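For reference, the chains in residue letters:
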Amino acid sequence: IKYLEVSVALPKLSFLNADHVNDILSNLDELKIDRSRFRLELSERLFLEGQEENAIAINDLSAAGFGIVVDDFNGSFSSLKALEKMRFSFLRFGPEVIRQCRDSISFKNLLKAFIDLARSKKITSIAGHIESEVELGSVREWGCDRAPGLYMQKLAPASTMGVILQVYPVKDWA
């Protein structure tokens, strides 16, 4: 059958077995089955634990020619589900997210999509811990609504907060 594709659901415990990837590859090679005809289904919940190990295995399987399916996307543990079900005012992206965006166009595009999603839900996006003019310019370009951090405001004693708030009212830069 020329166009047959097979989807195989991989349960969490078997997927995390270190030898599982090699077993799958060996069996298909022995049977002379084209890997590109296989879709390996992995539950979104799998990504919540052991992300480093799972990323290596998933990338190995993808590089070996398998299609990787994220099953149950937006399932009960998903951030997307939380955005849908709960009323948030702000969505803050931490400094590690900003750093990853500098290193990866793909990651930056995902962040921009989340910023757009937040805006569609009337949630203010915040890029936290901005420490340079370059970072500030980047998060503005990406569409973040706010960007607090040491670049925008140096640390001050708590006793000065009343004065600071009177002199510098909170405003969006847009």
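Rules used throughout
- Residues numbered from 1 in each chain as written.
- Predicted model: local features only at pLDDT ≥ 70, side-chain atom pairs only at ≥ 80, totals over all residues.
- Heavy atoms only, no water.
- Buried < 20%, exposed > 50% of the residue type's maximum accessible area, 1.4 Å probe, protein only.
- Helix = DSSP H or I, 4+ residues; strand = E, 2+ residues; numbered from the N terminus.
- Arc of directions from axis to C-beta.
- Disulfide = S-S within 2.5 Å.
- Phe/Tyr/Trp six-rings, centres within 6.5 Å; stacked < 30°, edge-to-face > 60°.
- Polar contact = N/O pair within 3.5 Å; in protein donor to acceptor, adjacent residues only side chain to side chain.
- Contact = heavy atoms within 4.5 Å.
- Axes fitted to C-alpha atoms, helices over the stretch in contact; angles between N-to-C directions.
- Parallel < 35°, antiparallel > 145°, perpendicular 65-115°, else oblique.
- Nonpolar A, V, L, I, M, F, W, Y, C, P; charged D, E, K, R; others polar.

**Remarks on helix α7 (residues 133-142)**
Next up, step 1: Looking only at α7, the buried set comprises E135, L136, S138, V139 and W142. Taken down its axis, α7 places every buried residue within 165 degrees of arc, on the same side. Exposed and oriented more than 90 degrees from the buried face of α7 are E133, V134 and E141.
Next up, step 2: Residue G143 follows α7 closely and has a positive phi angle near 100 degrees.

**Considerations on the state of the cysteines**
Joining two cysteines, a disulfide is a covalent bond between their sulfur atoms.
Next up, step 1: Following the criterion strictly, the structure yields zero disulfides and no others.
Next up, step 2: Counting only cysteine sulfurs, C144 is the nearest neighbor of C101, a cysteine outside any disulfide, at a range of 8.7 Å.
Next up, step 3: Classification of C101 by relative accessible area gives buried; the value is 5%.

**Looking at the packing of aromatic side chains**
Next up, step 1: Counted by the stated rule, this structure contains one aromatic pair.
Next up, step 2: A ring pair is formed by F38 and F66, whose centres lie 6.4 Å apart and whose planes are at 75 degrees; its orientation type is edge-to-face. Of the two residues, F38 sits in strand β2 (residues 38-43) while F66 sits in the loop between α3 (51-63) and β3 (67-71), which places them 28 residues apart along the sequence. By the burial criterion, F38 is buried, and F66 matches it.

**Comments concerning the side chain of E135**
Next up, step 1: In this structure, E135 sits in helix α7.
Next up, step 2: Polar side-chain contacts of E135 include one of 2.7 Å to the backbone nitrogen of E131.
Next up, step 3: With residues near it in sequence (within four places) discarded, E135 still touches I98, R102, H129 and I130.

**Thoughts on the packing of helix α5 (residues 95-103) against α7**
Next up, step 1: Close contact between α5 and α7 brings their axes to 11 Å; oriented N to C, the two are set at 85 degrees. Between α5 and α7, the angle is such that the two are roughly perpendicular. Contacts from I98, C101 and R102 of α5 reach α7 at E135, V139 and W142.
Next up, step 2: For the contact of α5 with α7, the per-class residue count stands at four nonpolar, no polar and two charged.

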